[in-house]
Amino acid sequence: MSSAPSMARILHDRGRNSRWRRARRFVLPAGGAAVAFGFLGPYLIMLLDALRPSSEVVASPATVLPRTWQWSTFGTVLSDDRYLNWLKTSVLVAAASTVIVIAVAVPAAYFTARFRFPGRTAFLFLVLVTQMFSPTSLVVGIYREFFDVGLVNTYAAIILTNAGFNLAFAVWILHGFIASVPREVEEAAELDGCSRPGTLRRVILPLIRPGLVTAVIFTFIAAWNEYVVALTLIQDDAKKPLTVGISSYVTGYEQHWDQLFAASIVAVIPVVILFVSIERHLVGGLTAGSVK
């Protein structure tokens, strides 16, 4: 008597699970597409505005698709010598800042993770606290310091500033990755005759590759997007980075909205290329190296 209701309950649960599995095939992709559209929507709007004349960008009522498709905007921007100079400056500043940050952060993180010294905890806390300061709040003091040493309106000024403000994050995240590597890995390398610098380069760095990739991406994007310090320290139009230079397309005297949006779209491409080219190391680095 009691087995019939139990069997009916089991069949009911199986039917409900089967319906949910069938619905999940559509619900999950639809949800993912909605989230993706939420992130990509602004870029799609920028692309459409870049493909319409400036007068149509500010026209009311607005239309989703351009009434007049203007395909020459990207060619106009890429043939602009000013834009090419701004692009060169942004690449130079972001790449140099990233190299400096990684070159300094790796040994600093290794030392704090492997050695106990007086003030170690206070140092790590100070590193974390520096992340709370924004370049905007310190821009006057930064300008005064670079003015005193004659570095205003130079690439070195914005490279050193970007490196300084991103160094703390890189040290902190690499410290955590290095501390998670078992000491037995280093001991095995030392038994094979590897020096400490050699152990760091050949053993530790491959194992913390995901952390290195994270630090590189974060630093490069932060330097690429920096605006306030570059606006304050650079007066020469040819030395301005993209974030500052592209505002010249829309001023009180001329409004080239189509070129502004086209320039912004092109400015996103280097960051996307960087992420795509090194994203695979986030997974590859997890299995790199072994205990001998």
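Look a little higher up for the structure.
Residues numbered from 1 in each chain as written. Predicted model: local features only at pLDDT ≥ 70, side-chain atom pairs only at ≥ 80, totals over all residues. Heavy atoms only, no water.

### Structural notes on the overall build of the protein chain
Right, so step 1: Looking only at helices and strands, the protein chain has 14 helices and 0 strands in total.
Right, so step 2: When each of the 292 residues of the protein chain is scored for burial, the buried share is 36%.
Right, so step 3: By sequence separation, contacts in the protein chain at least 24 residues apart represent 73% of the contacts at least 6 residues apart.
Right, so step 4: For the protein chain, the accessible area works out to roughly 17100 Å², and carbon and sulfur atoms hold 68% of it. (Helix = DSSP H or I, 4+ residues; strand = E, 2+ residues; numbered from the N terminus. Buried < 20%, exposed > 50% of the residue type's maximum accessible area, 1.4 Å probe, protein only. Contact = heavy atoms within 4.5 Å. Areas by Shrake-Rupley, 256 points an atom, 1.4 Å probe, with all protein chains shown as cover.)

### Observations regarding the nonpolar core
Buried together is how nonpolar side chains tend to be arranged in soluble globular proteins.
Right, so step 1: Ranked by internal contacts, the top residues of the largest apolar core, which has 26 residues, are Phe74, Tyr83, Trp224, Leu242, Ile246 and Tyr249.
Right, so step 2: At the level of elements, helix H1 (3-50), helix H3 (73-78), helix H4 (81-114), helix H10 (209-225) and helix H13 (257-278) are the ones that each hand at least two residues to this core.
Right, so step 3: In contact with Tyr83, not counting residues within four places along its chain, are Val77, Leu78, Leu242, Ile246, Tyr249, Ala263, Val266 and Ala267. (Core = buried A, V, L, I, M, F, W, Y, C linked by side-chain atoms within 4.5 Å.)

### So, the packing of aromatic side chains
Right, so step 1: Applying the stated criterion across every chain yields a total of 6 aromatic pairs.
Right, so step 2: Aromatic side chains Trp69 and Trp71 sit 5.5 Å apart centroid to centroid with 10° between the ring planes, which places their arrangement in the stacked category.
Right, so step 3: For Trp69, a relative accessible area of 39% translates into the label partly exposed. (Phe/Tyr/Trp six-rings, centres within 6.5 Å; stacked < 30°, edge-to-face > 60°.)

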